[in-house]
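Letter by letter, the chains look like this.
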Amino acid sequence: MTSELKVGVKYCGHCNPHINGPELVQNLKQRLQNIEIVGWDSPAYDVLLMVSACMSGCLNRPPLKGPWIEIVVNEIREYQITDGSKAGLLLKALRDEGLAGK
Amino acid sequence: MMTGAEYIESLRKLNTKIYAFGKELKDFVDNPMIRPHINSAALTYDMAFDPMFEDLVTTKSHLTGKKINRFTHVHHSAEDLVKKVKMLRAIAQRTGTCFQRCVGHDALNAVYLTTYDMDKKLGTQYHERMKNYLLRIQASDYMVAGAMTDPKGDRGLRASKQADPDLFVHVVERNDKGIVIRGAKAHMTGIVNSHDMLIMPTTALTAEDADYAVSCALPVDAPGVIHIFGRQSNDTRKNGNIDQGNARYGIVGGEALTILEDVFVPWDKVFMCGEWEFAGSLVEFFASYHRQNYGGCKGGVSDVIVGASAAIAEYNGAAKASHIRDKVTEMIHLTETLYCGSLACSAEGRPTPSGAYFVDPLLANVTKQNVTRFIYEICRLSHDIAGGFIATLPSEDDLFSPEIGHYVDKYFKGVANIPTETRFRMARLIENLTAGTALVESMHGAGSPQAQRVMIMRQANLEHKKNLAKNLAGITEKK
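Predicted model only: the values in this text are computed from it and were never measured. (Residues numbered from 1 in each chain as written. Chains lettered and ligands numbered in written order. Predicted model: local features only at pLDDT ≥ 70, side-chain atom pairs only at ≥ 80, totals over all residues. Heavy atoms only, no water.)

**Here we look at the overall build of chain B**
Piece 1. Within chain B one finds 16 helices and 14 strands.
Piece 2. Here chain B has a C-alpha radius of gyration of 24 Å; the compact-globule value for 479 residues is 23 Å, and the two agree.
Piece 3. Once local pairs closer than 6 in sequence are excluded, the contacts in chain B between residues at least 24 apart make up 77%.
Piece 4. Carbon and sulfur atoms provide 55% of the accessible area of chain B, an area that totals close to 19,700 Å².
Piece 5. Between the centroid of the 55 positive side chains of chain B and the centroid of its 55 negative side chains there is a distance of 4 Å. (Helix = DSSP H or I, 4+ residues; strand = E, 2+ residues; numbered from the N terminus. Rg over C-alpha atoms; globule rule 2.2 N^0.38 Å. Contact = heavy atoms within 4.5 Å. Areas by Shrake-Rupley, 256 points an atom, 1.4 Å probe, with all protein chains shown as cover. Lys, Arg positive; Asp, Glu negative; His and termini not counted. Charge placed at Lys NZ, Arg CZ, Asp CG, Glu CD.)

**Here's the deal with the state of the cysteines**
Piece 1. Enumeration over the complete set of coordinates arrives at 0 disulfides over all chains.
Piece 2. Cys15(A) takes part in no disulfide bond, and the closest cysteine sulfur, belonging to Cys54(A), lies 5.9 Å away.
Piece 3. Here Cys98(B) stays free of any disulfide, with the sulfur of Cys102(B) as its closest cysteine sulfur at 5.9 Å. (Disulfide = S-S within 2.5 Å.)

**Considering the environment of Phe412(B)**
All names here are of chain B.
Piece 1. Considering the arrangement of structural elements, one finds Phe 412 in the loop between helix H12 (405-411) and helix H13 (420-434).
Piece 2. Overall, the relative accessible area of 18% leaves Phe 412 in the buried class.
Piece 3. Remark: the alpha-carbon pair of Phe 412 and Ile 305, spanning 107 residues in sequence, is separated by 21 Å.
Piece 4. Leave out the neighbours within four places in its chain, and Phe 412 touches Phe 389, Leu 393, Pro 394, Thr 420, Arg 423 and Phe 424. (Buried < 20%, exposed > 50% of the residue type's maximum accessible area, 1.4 Å probe, protein only.)

**Topic: the pattern of salt bridges**
All names here are of chain B.
Piece 1. Enumeration according to the criterion identifies 37 salt bridges over all chains in this entry.
Piece 2. Its salt-bridge partner being Glu 9, residue Arg 12 comes within 3.0 Å of it at the nearest N-O pair. Taken together, the residues span about one helical turn, with Arg 12 and Glu 9 both in helix H1 (residues 4-12) at a distance of 3 residues.
Piece 3. A relative accessible area of 38% places Arg 12 in the partly exposed class.
Piece 4. A relative accessible area of 42% means that Glu 9 is categorised as partly exposed.
Piece 5. For Arg 89, the salt bridge goes to Asp 303, with nearest N and O atoms at 2.8 Å. In this pair, Arg 89 sits in helix H4 (residues 78-95) while Asp 303 sits in helix H7 (residues 279-316), placing the two residues 214 residues apart along the sequence. (Salt bridge = Lys/Arg side-chain N within 4 Å of Asp/Glu carboxyl O.)

**Some remarks on the nonpolar core**
Piece 1. Of all hydrophobic cores here, the largest spans 170 residues; its most connected members are Leu49(A), Ile69(A), Leu94(A), Tyr7(B), Ile181(B) and Leu218(B).
Piece 2. Counting residues per element, this core draws most heavily on H7(B), at 17 residues. (Core = buried A, V, L, I, M, F, W, Y, C linked by side-chain atoms within 4.5 Å.)

**Focus: the environment of Leu260(B)**
Piece 1. Tracing the chain through its elements places Leu260(B) in strand S11 (residues 256-266).
Piece 2. With sequence-adjacent residues up to four places away left out, Leu260(B) is seen in contact with Val169(B), Ile181(B), Arg182(B), Gly183(B), Ala184(B), Lys185(B), Met197(B), Ile199(B), Leu218(B), Gly224(B) and Val225(B).

**Description of the packing of aromatic side chains**
Residue and element names in this part refer to chain B.
Piece 1. Applying the stated criterion to the full structure yields 7 aromatic pairs over all chains.
Piece 2. Taken together, a centroid distance of 4.6 Å and an interplanar angle of 15° make the contact between Tyr 7 and Tyr 45 stacked. A residue pair is termed long-range when its members are at least 10 positions apart, and Tyr 7 in helix H1 and Tyr 45 in helix H2 (residues 35-46) qualify at 38 residues.
Piece 3. Its relative accessible area of 0% is what places Tyr 7 among the buried residues. (Phe/Tyr/Trp six-rings, centres within 6.5 Å; stacked < 30°, edge-to-face > 60°.)

Structure follows, in structure tokens:
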């Protein structure tokens, strides 16, 4: 079965975390069911999710080639998603998880 | 980059000569005295491949542009310095002890920028050699032990004035192929499970001490090198996995006394040989980089101590007492204060003529000075919260004894819903983290407190502070 949504994930490093990033991603997997999580350096994905676990948001952004969402602690800080794209599913799931922001 | 498993296998190929308890340790990789330290260092390799941590534990080489483990990187921005501190905290949270690899990392950085300065002033060719050595380390992902502390003998005498000339590492022969060195390096963190050591002088030197002005790299298993492994406060507790406290990663950094008995080093790995006037600055660079670390790694270890103390309070049924909550709050405050210092000296880092970035030395020394105090207070509070049983617990053999185990289980019980074994395990972890060897490491690791105070006074602008006071007091002085 091919996944409906392939998500590249990049974590900040979690040195002094206020959230558990991998746990959040697991919750998204349960919520979206047909989702595949891959590394941020994978050759292809539908959307890049960048997770910073404290307010410093020090994650090094990789070159951004497609749709992306950046969350900092429990806030959706910034994203670039075209209307009606598959990446919008992830944005909705994050909001459903209770993340605030744009 | 190597994985942890590849790192461990690479150690098996070495012929490292290690002694403990009067005997040579064969198959040291699997020896229970050594293995926990290897496991701890292996995490610095594995975390480079873990998506959760790779943003901290990897970076790009300024020499090749390739992805490398951060422990082989020469810092090229204040952000690099900050990320190093964050990396150290993240790793220490998982090991609960020293993972040893920062010493060599700091040595690589200190020698890198010192060789640049030496070449500029003296016309020597050391920096290119150092860059070539760094390239080899980045490509191989070898673990390098930073080797600074000499035995020092009579502390009131300089290197060349000692009754025994070998109490500081020195050059005994120079020939067309390289140099021969003799002496020893003490308190060598992680040396027995490293691939290479990077030797540096231990103190500022004079012209008379020129033979002691030596910096060079060599394999830890080079002919003439012997390591005598140091005792630790739990080193006879190897028969189970509770009494050790932290069976997987051990306690402190597996320190050893490293003997260098007429060891040959080829010229391409010699980075200082007689340039005594640069020994002091090399020591200061290394010491400041290393003191930068302590709010990171000790911050991470303190995170574990805070967690263990909060957990044991729950197991004891005392977690809701206001004084317990206040003590835990104080422990968090001290931990984050240490972290603040490490972040601050990194954020205030500046470029050196070599292009490598150097920390703010005043703030770095203040950070380490705080570690010599705050860790003791964090541990004191942990002991206060946990209770005296962390020092009087019977062994795990008694807990599991068919004859008396039920007594131990019954009378060391805390709250009803927590198994006695759970309370045992947490108590032993607290003992491991807060007592004995680990505590002394906070005092003397990266230099004893007085070494930091000398640097603090030297770096602070006391005249400026006096002028501030005189200005407010309305004092004008004739010039």
